[in-house]
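The lines below spell out each chain.
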Amino acid sequence: MPAAPLRATPAFPIPSIPSVTGALRAVEAVLMRNGQRTARRNAWTSVLEDRRRAKDRYEAQYVLEAAATQHPHAT
């Protein structure tokens, strides 16, 4: 008797494993009210924006210093 063909998909659905981010958001939703959640997300967005501006400022300073010293290979 020939063997049964193998299936490409499992016979039963595999539950998805929640990500760490999803788990943290679920805990956050339980512990905080909507206003507090929004405030925390806004604060984090501000932190990321400050980091981006600091990086841009550093890069601009590097370019300006390189232009001031007349080293074309630095830019």
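Residues numbered from 1 in each chain as written. Predicted model: local features only at pLDDT ≥ 70, side-chain atom pairs only at ≥ 80, totals over all residues. Heavy atoms only, no water.

What follows deals with the pattern of salt bridges. Summed over all chains, the structure comprises four salt bridges. Its salt-bridge partner being glutamate 49, residue arginine 52 comes within 2.5 Å of it at the nearest N-O pair. Note that arginine 52 and glutamate 49 are positioned in helix H2 (residues 34-68) at a spacing of three residues, about one turn of the helix. We classify arginine 52 as partly exposed; its relative accessible area is 42%. A salt bridge links aspartate 56 to arginine 52; its shortest N-O distance comes to 2.6 Å. Separated by four residues within a single helix, aspartate 56 and arginine 52 lie in helix H2, roughly one turn from each other. Exposure remark for aspartate 56: the relative accessible area of 35% places this residue in the partly exposed category. In the salt-bridge network here, residues are joined through shared partners; they are Glu49, Asp50, Arg52, Arg53 and Asp56. (Salt bridge = Lys/Arg side-chain N within 4 Å of Asp/Glu carboxyl O. Helix = DSSP H or I, 4+ residues; strand = E, 2+ residues; numbered from the N terminus. Buried < 20%, exposed > 50% of the residue type's maximum accessible area, 1.4 Å probe, protein only.)

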